[in-house]
Amino acid sequence: MIPVRLEIEGLYSYRERQTVEFETLTAAGLFGIFGAVGSGKSSILEGILLALYGSTERLATTGERSSMVNLQSDQLSVNFTFRAGKNNAQTYLARYSAKRNKKDFEKIDTGEHILYQLKEGNWEAIPDKAETVLGMSKEHFKQTIIIPQGKFREFIDQKPLERAEMMQQLFGLERFDLAAKTASLRKEAELEKTRLKALLDNLEGISIESLSEKRQETADLEAETQQASKALADADQEFRKLELTRKSFLQLQELKTQLSTLEQKLPEVEQKRQLHKEFITAKTYLRPVWDQLQDRKKDLEKYQVSLKDCERFKESFDVEIAKLEEEEIDLKEKNDKRPAREAKIRDLRKVIDIQELNGKLEVAQQQVETLIPELEAKKAGLKKLETEIQTLESQAENLPAADPGLLSDLKTIQNQLKTNQERLADLQRIKGNFEQETGKIKASLEDITNRIPAQEKSLETWTETQKSIIRGIETEREKLLRKQGLNAHAHLLVNGEPCPLCGSIEHPQPIREESDEPQIKAMELQIFREKDELEKILALIQKEKVEQNNLENLGRNLQEKLKEISKLELQQEEFWKKLKSMSIQTEEELSGKITQLSQTHTQKEALVQQIQAKRKSSSAVREQVDKSEKQLQLAQMAVQDLNSRVQSKQEEIKDPTFCKPFFQKDSTQILNTILGVEKDIEKAASDLLGKQKHLQDRRAAQTKNLADIENYKKLVQENSSKIESLSKEFEGLKIQYDFQDEDALIRLFHHSLDAEKTALEIQQFDQKLAITRSRMAEIQSEAGIGTFSEESYQAKHAALEQLQLQSKALQNQLAILQESLKDMLQKLEEKEKLTQSFQQIENRESGLRELERLFQGKGFVKYVSSIYLRELCNTANLRFMKLTKNSLSLEIDDNNTFWVVDYLNGGKKRLLKTLSGGQTFQASLCLALALAEKVKALNQADQSFFFLDEGFGALDRNSLRVVFETLKALRHENRVVGIISHVEELQQEIGVFAQIELDPERGSQIRYSY
């Protein structure tokens, strides 16, 4: 995490909004935040924690939230911009804000806590919390990134168990808690073992001997099936030959019927052939000439009609064109007067412009007359406000000065005394609940101990005894099951024949047939009961662990509450000690003092607010005066401009005499006159253009009509000659192709006969007749056609079907037998695989049981946590030994307790608690830096941030110099280090820093060294 910017307003001593620009500070690698005691240095870290996690270090989020807000502020606002994520590539904004209750000033409404992420230049609210973005809780954040005042050695003072849990949460060591996974895998292995055992029991009857018998049976059936298939093939070949002969015989009968039908249609086809021949001749040779003759006759009639129409139009064109020429002359004379009429229109438009300017001039003059008295009145009001401000300032100077800092401290103490009293009452109640719950847990543990049998030392020995009982009963049951299995085969033993189990040929004392089933069932029932008893014992062990864990937690919580009670009582004593130094002995005197200071402060604040309100009003009136003066100047300039424009327009009028009467008219009337003249001008121009175009069109039509008359005369003469020539040609063709009857020929022209279709039908009939006669001759020449008998064919077909049924039945039997043989082979192979799998799962179950025992109680997680702590200790020693001049080093034992190796005393070990204050500070610093370095590696960041709020007062000058050199060296490790201190030596050594100063009126103020 790298900070970018922090904005604080209304938090503790920060009355006004202050901004800490971290980017400039962090660029130096090592920077400081300095200031006197109580100036607000530590509040910067408080603001960061509040923005990220919604709570501060010193105060709780509920009950004590009102003490966070500055006593002279209405709201609290903290905005913290920072970079985080892999390589600190993402930018985030953490925002916390809260306001005072409108009805009760002492109460603070619930704060608003939101986290934003910068995406494509825009801030977008995200549902993630700071724990997710930073990868650590608030407590871990205070031990690795930002270490508040008084919390520097908290990591060292932690209990070993708490320290191990911190490693687990910070570095995600819960992933090494494999107990649940191992138990789940063991249960899966047990289920798989049971499943495999059931499958093997189902395959008990599958053996190699039964497989051999099945194979011999299959071979015999295969030989019988082959013989039946050969007989079927011979019969089928003979039947197929007979079937081909039958097919030819049936086809011959069909061809005879078809030939008879074709011979009956032959006269009709011959008649159609003759009609087709005549139709083709007429269509090919006579129809084209006849069609031309008819077309020419129609054209001749059309041209004769058109010639008559053109001669009639010739006279009407002459009359129409003469009339259009006269109208064109009149319109040209009217359009020649257009320029003079347009000049008068322009003069009339200037008259309208002058009328408009005169109207604006009157408005501007009225505005000037209105603004002058208003301006004088505003100036008088401004002078009166200035006099009132001077009077109020004199009254404020005569009031006694009030100490807002003292008032703020007294109110804070009053609130804290009340809060502490309420908290003490809650803690006493919680203490009583813890003691009552502890008694219940101890009684429960005593009850568990009393349930252990007298002959057993503990629940664990009782568990082992119970398991031994179960194993003994299971062994006896297995013996009976084996005996029962041998008994099932005892009747098969015959003297002189080998035993299938041992091979002996003598059987002097075979097992007698007697049932052990009742005894086996009794043993199984006893095993079930003993296992149920074992489960109860295991449940007691689990309950004992839970109760012991609860007892430890209650004891730890009780001690914490006792410490908190002592801390609160001590804090109460310190508050009263401070109040007595101010001559305040009781809460009533404290309330009276606060009321007195508040009234004085309120009176002065009221005067200040009145002065500020008057000054604000004065500024507003002054702005109005300036605005009115500017408006007056603009209005006066507008009057001058309008007078100049009116005079200019009057000089532009060309015909003043014509325009004079129009000045008395309304502008609407003038516009109507202008529009009427413009429409008349445009109409005259449009009419002239249309008349000229119409005259041109009629002249062109007259010329075309004259040309059409000559053309139609020529076409009438040509068509008459052509009709005579075609008539002679048509008569000659009729004689040539023997068509005497012209009416019959015309009907033939209009006949609907489809020539191509008719020709195709005739051709297809001829081909079909020839093919039928040819095919009949071929079939009659085939062998066996004359001697074919349908009765012989049916007898052969019945014999073949009988052979097919016999062969199919044998093949079905063979397929069933082969499938059975295949299934037996698969089951035998499956049995071998299941046997191997059963052995493997049995071995796996045994291994998982051992692993489950090793992983119980988070033993492996604690082991990994110890490894992380040792690595942390080794990393811290790289700096700690340098700080102590190689005289001391840190170690951690198997119980996660810190020790110190003292090389000046022969390398002997002693507890870390035996170090002096300065040495403890050095050890805490080295461990904190090492922890921050591990977190940096965990987050895959190329740069990390470390902020320390510590006074460094426990160090002498030499130790302070060594620590400072260590902090400066971190810059070469791409680390950013910030420190908060009031030690002057550090301020002289660090070149880049922020200075915090507490102003009595404005609160904490921030300035920089650059």
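Residues numbered from 1 in each chain as written. Predicted model: local features only at pLDDT ≥ 70, side-chain atom pairs only at ≥ 80, totals over all residues. Heavy atoms only, no water.

Chemist: For this particular structure, what's the right way to read the sheet that holds strand β15 (residues 1003-1008)?
Modeler: The pairing of strands in a sheet happens through backbone hydrogen bonds and is either parallel or antiparallel. As summarised here, the arrangement of the six strands in space is β8-β12-β13-β3-β14-β15, forming an open sheet in which the pairing is mixed. The two strands at the open ends of the sheet, each matched to only one other strand, are β8 (146-147) and β15. (Pairing = 2+ DSSP bridges. Helix = DSSP H or I, 4+ residues; strand = E, 2+ residues; numbered from the N terminus.)

Chemist: Looking at this model, I keep getting lost on the pairing of strand β1 (residues 2-9). Mind explaining?
Modeler: The side chains of a regular strand alternate between both faces of the sheet. The element β1 is largely enclosed, with a buried count of six among its eight residues. Across seven bridges, β1 lies against strand β4 (residues 75-84) in antiparallel orientation. Opposite isoleucine 8, over in β4, you have valine 78 as the bridge partner. Pairing analysis gives four bridges linking β1 to strand β2 (residues 18-21), with the strands arranged antiparallel. If you follow glutamate 7 over to β2, its bridge partner there is threonine 19. (Buried < 20%, exposed > 50% of the residue type's maximum accessible area, 1.4 Å probe, protein only.)

Chemist: Hey, could you run me through the side chain of glutamine 995 in this one?
Modeler: Structurally, the position occupied by glutamine 995 is in strand β14 (residues 993-999). Beyond its immediate sequence surroundings of up to four residues, glutamine 995 is in contact with Phe34, Gly35, Gln987, Gln1005, Ile1006 and Arg1007. (Contact = heavy atoms within 4.5 Å.)

Chemist: How should I be thinking about the pattern of salt bridges in this particular structure?
Modeler: Pairs may arise between side chains of opposite charge once their charged atoms sit close together. Counted according to the given criterion, the structure contains 28 salt bridges. The partner of glutamate 16 in a salt bridge is arginine 1002, and the shortest N-O contact between them spans 3.1 Å. On the criterion of sequence distance, the pair formed by glutamate 16 in the loop between β1 and β2 and arginine 1002 in the loop between β14 and β15 is long-range, its members being 986 residues apart. According to the relative accessible area criterion, glutamate 16 is partly exposed, its value standing at 30%. By relative accessible area, which is 42% here, arginine 1002 ends up partly exposed. For glutamate 829, the salt bridge goes to lysine 833, with nearest N and O atoms at 3.6 Å. Residue glutamate 829 and its partner lysine 833 are located together in helix α19 (residues 790-855), separated by four residues, close to a single helical turn. When its relative accessible area of 43% is taken as the criterion, glutamate 829 is described as partly exposed. A single network of salt bridges, built from pairs that share partners, joins Arg186, Glu190, Lys193, Glu842, Glu845 and Arg849. (Salt bridge = Lys/Arg side-chain N within 4 Å of Asp/Glu carboxyl O.)

Chemist: So what exactly am I meant to see when it comes to the nonpolar core here?
Modeler: Within the largest apolar cluster, 48 residues are counted, with the highest numbers of intra-cluster contacts made by Phe22, Leu52, Phe82 and Phe141. For this core, the element with the highest residue contribution is helix α2 (residues 42-53), accounting for eight residues. Look past the residues within four positions of leucine 52 in its chain and what remains in contact with it is Phe80, Phe82, Ala94, His113, Ala130, Leu134 and Phe141. Of all hydrophobic cores here, the second largest spans 26 residues; its members include Val368, Ala635, Ile653 and Ile674. (Core = buried A, V, L, I, M, F, W, Y, C linked by side-chain atoms within 4.5 Å.)

Chemist: Is there a simple way to think about the packing of helix α8 (residues 208-264) against α19 in this case?
Modeler: In a packed pair of helices, the relevant descriptors are the angle between the two axes and the axis-to-axis distance. Contact pair α8 / α19: the axes reach a minimum separation of 8 Å and the direction vectors enclose 155°. By the criterion of interaxial angle, the relationship of α8 to α19 is roughly antiparallel. Once α8 is placed against α19, the crossing between them reads as left-handed. A breakdown of the residues in the contact of α8 with α19 according to their chemical character gives 19 nonpolar, 12 polar and 11 charged. (Axes fitted to C-alpha atoms, helices over the stretch in contact; angles between N-to-C directions. Parallel < 35°, antiparallel > 145°, perpendicular 65-115°, else oblique. Left-handed = near helix turned anticlockwise from the far one by under 90°. Nonpolar A, V, L, I, M, F, W, Y, C, P; charged D, E, K, R; others polar.)

Chemist: Looking at this model, I keep getting lost on the sheet that holds strand β10 (residues 898-902). Mind explaining?
Modeler: One open sheet accounts for three strands, arranged β9-β10-β11; its pairing is antiparallel. The sheet terminates laterally at β9 (888-892) and β11 (908-911), the two strands that pair on one side only. Each neighbouring strand pair of the sheet contributes to a mean axis angle of 35°, computed without reference to strand direction.

Chemist: Got a minute to help me understand the confidence of the model for the chain in this structure?
Modeler: In low-pLDDT regions, the fine details of the predicted coordinates are not to be read closely. Model confidence for the chain is summarised by a mean pLDDT of 79, while 90% of its residues fall at 70 or above. β1 holds the highest mean pLDDT among the elements of the chain, 91, whereas helix α6 (residues 160-171) holds the lowest, 68. (pLDDT = per-residue confidence, 0-100.)

Chemist: Sorry, what's going on with the packing of aromatic side chains here?
Modeler: To describe a pair of aromatic rings, one takes the distance between the centres and the angle between the planes. Per the stated rule, a full pass over the model turns up seven aromatic pairs. When the ring of phenylalanine 22 is compared with that of phenylalanine 947, the centres are 6.4 Å apart and the planes differ by 85°; the resulting orientation is edge-to-face. In this pair, phenylalanine 22 sits in helix α1 (residues 22-27) while phenylalanine 947 sits in strand β12 (residues 944-949), placing the two residues 925 residues apart along the sequence. Taking the relative accessible area as the measure of exposure, phenylalanine 22 reaches 0% and is therefore buried. (Phe/Tyr/Trp six-rings, centres within 6.5 Å; stacked < 30°, edge-to-face > 60°.)

Chemist: Help me out: how do you make sense of the environment of glutamate 204 in this one?
Modeler: Within the secondary structure, glutamate 204 is located in the loop between α7 (179-202) and α8. Take glutamate 204: its relative accessible area is 63%, and that puts it in the exposed class. Each C-alpha atom of the pair glutamate 204 and lysine 831 lies 8.6 Å from the other, and the pair is 627 residues apart in sequence.

Chemist: How should I be thinking about unusual backbone geometry in this particular structure?
Modeler: Leaving glycine out, the prevailing phi sign among residues is negative, and the prevailing peptide bond configuration is trans. We note that tyrosine 12 has phi near 50°; this positive angle belongs to a residue other than glycine. With respect to the helices and strands, tyrosine 12 occurs in the loop between β1 and β2. Judged by its relative accessible area of 16%, tyrosine 12 is buried. You will see that asparagine 886, though not glycine, has its phi angle at about 60°, which is positive. Its place among the elements puts asparagine 886 in the loop between α20 (859-883) and β9.

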